[in-house]
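Coordinate analysis (summary)
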Amino acid sequence: MVIHQRADDNPDRDPPEALGSAPATPALGSSLDIENVGKSFRAANGTVMQALSGFSLAVEAGEMVSLVGPSGCGKSTLLRLIAGLDSPTSGELRIGAELIAGPSADRGLIFQQPNLFPWLSVRRNIQAGLVARGVLAECRQDTEHFLRLVGLEAFADRYPHELSGGMAQRAALARALVNHPRILLLDEPLGALDQFTRMKMQDEVLRLWLARRTTMVLVTHDVDEAIYMSDRIVLLTPGPGRVERMIDVGLERPRYRNSPRFLELRTRILEMLHFTGGGAPEPTTR
Amino acid sequence: MSAGRSARYALAPTAAAAAALLAHMLIPNQQTALPTRLYPKLLIILMGSALVVALVQWAWRRSRPWVAHHAPLMAGAIALVGTWDLLTLKFAWFPLPYFPGPDMVLQGVLDDRVLLLESAYHSLTLLLTGYGIGVAAGLASGILIGWFQSLRYWATPVMKVIGPIPATAYIPLVMALFTSSFLSGAALIAMAVWFPMTMLTSSGILSVPVAYLDVARTLGAGKRFLIFRVAVPAAMPSIFLGLFMGLCAAFLTLIAAETVGVKSGLGWYLKWQQGYVEYAKVYGALLIMATFFSGLMTLLFKLRDWALGWQKGLIRW
């Protein structure tokens, strides 16, 4: 996949090469294959709920894919399966050639809530993965690198309750990235932020992605966010979740939110989702 | 705060001590007690040091809020002692031998100071031994029960049945098991501490937000990390509640154990002096006990504030 990277078009943006100078080996993304995956849950009253059924998707190494769809279409379930926190009822998931059989530091997961460990300082939160893998001594300077990368070096010794929502989410990003994951899964990571912080964070995530070429799978309710960020958008239908449509964004990067092609694509996707308005109000998905 | 108002606050303890002293000197005694100079001496010392504090706060502005906060409490405490003097020694509304005045209590404490110190030392060793064992055992069983579903299955009914029994009910059993009264006392205290410690540790572990555990697993955490670096720290607020309730239970059991089997310690001293109708010394022992226990409690709270600093604004007890 060709990624149109034209950082030189925008003088305000740091060249991604400078950010890619991580002290450790550059994290290269892996491909992800989801083959015919189904997942059902047994509810408390005994009924079986089918969250996903016959779901297939291939994500290339270094690609950024968004999953968009109404609530209850199994997007979060899918991310949990990729993360290895749950296992599928049927079908297979592979990272490269490797079957996913449980959680691993290879696959970082960012939730809507930052879920920082409140008893640890920001620095220690970021180090958590290094401690868990027993590599803190070798990778100590990585912590500082990622603290700088997400702009939290001044807050390294603060506790999560002292951070704003955006700062906490940046710390959560750094905590996942310090492990150099091959795939980063983002479950509505910016959903809890206000509009301005959100747009700023989108740029930050893009910057990190351009610098590190980590494969990213982003679940979002926000069509603009999906177009702004991803190479491909996967539209899902609910009950049980299936791929309804696959959209190649194909816009050059950096993207402009008000370019005609951006707006055209936005209209098209909203039409597919039946959210262009003017009619009887459909229940919103947010 | 204006200088005039803070000065009035700062002088309140001095005034209270002076009033108590005057009352003690001028009003004739109704209780027949041997007069000592201990109580008036204490009042004079209090008056003098309160005056020094008042002068300090006048000269050193930054101490004023502290003094203004504590001075009324201090004055109130002195007034309380003065009232006690009036109700007992002066008016004899409360009769002897059960209600001695502050003078007699002070004399009693002074007379028995060596014995009281020894008793306090014995109580402290016994308490800390029992509490330490109980806390360690409770932490271990609480973590195991909280983390492992299968252990919880077997342990829950056991805890439900034996948990509510007050530890002191085990006195006959413990005396049969241990020949040494120190060991049996420590075992009783340990049992009393173990139950709340286990309950609150396991419930703390059980209520760790799943999201923390999920995050840790995606960061590459193994079982040890999940238990000791996520579940236990997340359960700390609950664990501290267990430490606090365990300490309360330990005090109770300590005094009960010392009044029954153990032949030393503050509880034993209390019972012994009661036998001789030495109520001045009973009150003296109670005062020492109050200082002793509240000191330990304060220490625990300081430890909690330090360990749970990350919870800022969430601690409500």
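Residues numbered from 1 in each chain as written. Chains lettered and ligands numbered in written order. Predicted model: local features only at pLDDT ≥ 70, side-chain atom pairs only at ≥ 80, totals over all residues. Heavy atoms only, no water.

1. A look at the environment of Met-289 of chain B
Residues and elements named next belong to chain B. We count it as follows: Helix numbering and strand numbering both begin at the N terminus, where a helix is a DSSP run of H or I of at least 4 residues and a strand a DSSP run of E of at least 2. Type-normalised accessible area, obtained with a 1.4 Å probe on protein chains alone, sets the label of each residue: buried when under 20%, exposed when over 50%, and partly exposed for intermediate values. Throughout, a contact is declared for two residues whenever any of their heavy atoms are within 4.5 Å.
Relative to the assigned elements, Met-289 resides in helix α12 (residues 279–307). By relative accessible area, Met-289 is classed as buried at 7%. On a C-alpha basis, the gap between Met-289 and Asp-214 in space is 48 Å, while along the polypeptide they are 75 residues apart. Every residue in contact with Met-289, bar those within four places of it in the chain, is listed here: Ile-255, Leu-266, Gly-267 and Leu-270.

2. Quick look at the domain arrangement of chain B
Note on interface size: it is often stated as the accessible area lost on association of the parts. As a reminder, the rule being used: For each domain, the first and last residues come from an automatic or database assignment.
We note that the domain assignment places domain 1 (3–96) and domain 2 (113–311) within chain B. Between domain 1 of chain B and domain 2 of chain B, the C-alpha centre-to-centre distance is 38 Å.

3. Comments concerning empty space enclosed by the protein
To be explicit about the condition: Residues are called lining when one of their atoms sits within 4 Å of a cavity or pocket point, these points coming from a 1 Å grid over the protein atoms alone, where a cavity is a set in which a 1.4 Å probe fits but cannot get out and a pocket is an open set with protein on both sides within 12 Å along at least five of seven lines. Grid points are joined across faces, edges and corners, and a volume is the space filled by probe spheres set on the points. Side-chain classes are defined by residue name, with Ala, Val, Leu, Ile, Met, Phe, Trp, Tyr, Cys and Pro counting as nonpolar, Asp, Glu, Lys and Arg as charged, and the others, Gly among them, as polar.
Counted by the stated rule, this structure contains four cavities of 30 Å³ or more. Roughly 60 Å³ of volume is contained in the second largest cavity. Lining the second largest cavity are Leu-109, Ile-110, Phe-111, Gln-113, Pro-114, Ala-172, Arg-175 and Ala-176 of chain A together with Val-215, Thr-218 and Leu-219 of chain B. A class-by-class count of the residues in the lining of the second largest cavity yields eight nonpolar, two polar and one charged.

4. What to know about the packing of helix α5 (residues 113–147) of chain B against helix α11 (residues 266–275) of chain B
Residues and elements named next belong to chain B. For clarity, the threshold we go by: Axis geometry follows a simple rule: fit a line to the C-alpha atoms, using only the stretch in contact for helices, then measure angles between N-to-C directions, giving values from 0 to 180 degrees. For classification purposes, angles smaller than 35 degrees are called roughly parallel, those larger than 145 roughly antiparallel, those between 65 and 115 roughly perpendicular, and all remaining angles oblique.
One way to put it is that α5 packs onto α11 with a least axis distance of 7 Å and a crossing angle of 135°. If you check the angle between α5 and α11, you find them oblique. Across the interface between the two elements, Leu-115, Leu-116, Ser-119, Ala-120 and Ser-123 of α5 pack against Leu-266, Trp-268, Tyr-269 and Trp-272 of α11. In terms of residue class, the contact of α5 with α11 is made up of seven nonpolar, two polar and no charged.

5. Some words on the nonpolar core
What counts is decided by this rule: In these notes, a set of buried Ala, Val, Leu, Ile, Met, Phe, Trp, Tyr and Cys residues joined through side-chain atoms within 4.5 Å is what counts as a nonpolar core.
Core analysis: the largest hydrophobic core is formed by 82 residues, its most contacted members being Leu-32, Ile-34, Leu-67, Ile-82 and Phe-117 of chain A. For this core, the leading source of residues is helix α10 (residues 223–260) of chain B, giving 16 residues. Core analysis: the next-biggest nonpolar cluster, separate from the first, contains 54 residues, Val-135, Leu-163, Val-205 and Met-272 of chain A among them.

6. Side note on a positive patch on the surface
Counted only if it meets this: Any residue with relative accessible area above 30% and no salt bridge may belong to a patch, with like charges joined within 9 Å and the nonpolar Val, Leu, Ile, Met, Phe, Trp and Tyr side chains within 5 Å. Here, Shrake-Rupley sampling with a 1.4 Å probe gives the accessible areas, and only protein chains in the shown set may cover a residue. Any Lys or Arg side-chain nitrogen found within 4 Å of a carboxyl oxygen on Asp or Glu counts as a salt bridge. Charge assignment: positive for Lys and Arg, negative for Asp and Glu; neither His nor the chain ends contribute. For charged residues, the charge sits on one atom: NZ in Lys, CZ in Arg, CG in Asp, CD in Glu.
A contiguous patch of positive charge on the surface is contributed by Arg-124 and Arg-140 of chain A together with Arg-224 and Arg-229 of chain B. Position of Arg-140 of chain A relative to the elements: it lies in helix α4 (residues 136–149).

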